[in-house]
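Overview (structure and organization)
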Amino acid sequence: MLPPSLKSSQRVFAGVRFDVHAVDLPGRDGKTHRREVVVHPGAVVVLPLLDDKTVVLIRNERFAVGQTLWELPAGTLEPDEAPELCAAREVEEETGYRAGAIGKLTDFYTSPGICTERMYAFVATDLRLVGQSLDESERITPRPIALAEAYDMIRKGE
């Protein structure tokens with residue numbers, strides 16, 4: 001659903017996961033300024049905790065940046081999908097662990113200057129290994145990591 005600020009926008013690109021809209025905005029200078037906005041259905045990110053000292057991170061091959069990155073499991077909402085259901089689905093698909101409990105942490109806009117994507121953050125606990133179920137294009141390797149090591153990886157920019 002488009003926010004009111006984009007109701008008079010024009011879709012200039014229709015993609016698989018997002019669209020791009022162009023909108024003309026009135027400026028303080030009295031002129032009209034064209035801006036493009038990525039219209040995104042929203043996404044989730046999940047902190048999967050095996051126990052109070054271990055998190056499950058993933059190594060995710062990201063073609064857009066040409067790197068394999070350490071990440072938390074995440075994914076795009078399907079049409080009309082509740083964020084909690086998406087979080088449970090994504091943690092299982094990407095890590096191979098089924099969550100016995102999913103709790104919401106917060107939500108936020110990822111890049112509100114150019115994108116409508118709202119990210120919903122969750123914590124997953126009571127994990128049970130059931131096996132990954134990746135999309136054909138995904139190359140993801142899960143790895144349990146001690147929280148202390150994960151904090152170290154953050155400090156090092158990994």
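Scroll up a little and you will see the structure.
All of the points below concern the structure found in this document.

Rules of the game
Here the residue numbers are simple positions, counted from 1 along each chain's written sequence. At least 70 in pLDDT is required for a residue's local features to be given in this predicted model, at least 80 for side-chain atom pairs to be given and counted, and no such filter applies to totals for whole chains, interfaces and linings, which use all residues. Where side-chain values are given, they derive from all heavy atoms of the structure, hydrogens and water being excluded. In this scheme Phe, Tyr and Trp rings, the latter by its six-membered ring, pair at centre separations within 6.5 Å, and the angle between planes marks the pair as stacked below 30 degrees, edge-to-face above 60, and tilted otherwise. The buried label applies to any residue whose accessible area, calculated with a 1.4 Å probe on protein chains only, is under 20% of its type's maximum; exposed applies above 50%, and partly exposed to all values in between. Basic side-chain nitrogens of Lys or Arg form a salt bridge, by our definition, when they fall within 4 Å of a carboxyl oxygen of Asp or Glu. Going along the chain from the N terminus, every DSSP run of H or I of four or more residues is numbered as a helix, and every run of E of two or more is numbered as a strand. Directions drawn from the helix axis to the C-beta atoms are what define this arc. The contact rule is simple, with two residues in contact once any of their heavy atoms fall within 4.5 Å. Strands pair, by our definition, only if DSSP identifies at least two bridges between them. For helices, the fitted line uses only the C-alpha atoms of the stretch in contact; every axis is such a line through C-alpha atoms, and the angle between N-to-C directions lies from 0 to 180 degrees.

**Some remarks on the packing of aromatic side chains**
Under the counting rule described, the total for this entry stands at one aromatic pair. Each ring, one from F13 and one from F18, has its centre 6.1 Å from the other, and the planes form 45°; the classification is tilted. Under the relative-accessibility criterion, F13 is labelled partly exposed at 42%.

**Digging into the pattern of salt bridges**
A side chain of one charge can pair with a side chain of the opposite charge if their charged atoms are brought near each other. Using the criterion set out here, one finds twelve salt bridges in the structure. The partner of R89 in a salt bridge is E90, and the shortest N-O contact between them spans 2.9 Å. Given the relative accessible area of 22%, R89 is considered partly exposed. For D107, the salt bridge identified is with R118, shortest N-O distance 2.6 Å. One end of the pair, D107, is in strand 8 (residues 97-109); the other, R118, is in strand 9 (residues 118-129), with eleven residues separating them in the sequence. By relative accessible area, D107 is classed as partly exposed at 23%.

**Description of helix 2 (residues 147-155)**
The periodicity of an α-helix, 3.6 residues per turn, causes residues three or four positions apart to be oriented the same way. Three or more residues of helix 2 are buried, namely L147, A150 and M153. Each buried residue of helix 2 lies within a common arc of 110° when the element is viewed along its axis, so the set occupies one face. Structural note: helix 2 exposes A148 and R155 on the side pointing more than 90 degrees away from its buried face. Next to the buried residues of helix 2 lie strand 4 (43-51), strand 5 (54-62), strand 6 (67-71) and strand 10 (140-146). Once helix 2 ends, the next one or two residues include G157, with phi positive near 75°.

**Description of the sheet that holds strand 3 (residues 32-39)**
An order of 1-2-3 is seen for the three strands of this open sheet, with the pairing classed as antiparallel. Sheet topology places strand 1 (10-14) and strand 3 at the edges, where each strand pairs with a single neighbour. Looking at each pair of strands side by side, their axes are set apart by 25° on average, direction ignored. Here strand 2 (residues 19-26) runs beside strand 3; their pairing, made up of eight bridges, is antiparallel. Bridge assignment links V20 to a residue of strand 3, and that residue is V38.

These values are about where atoms sit, not about what they do.
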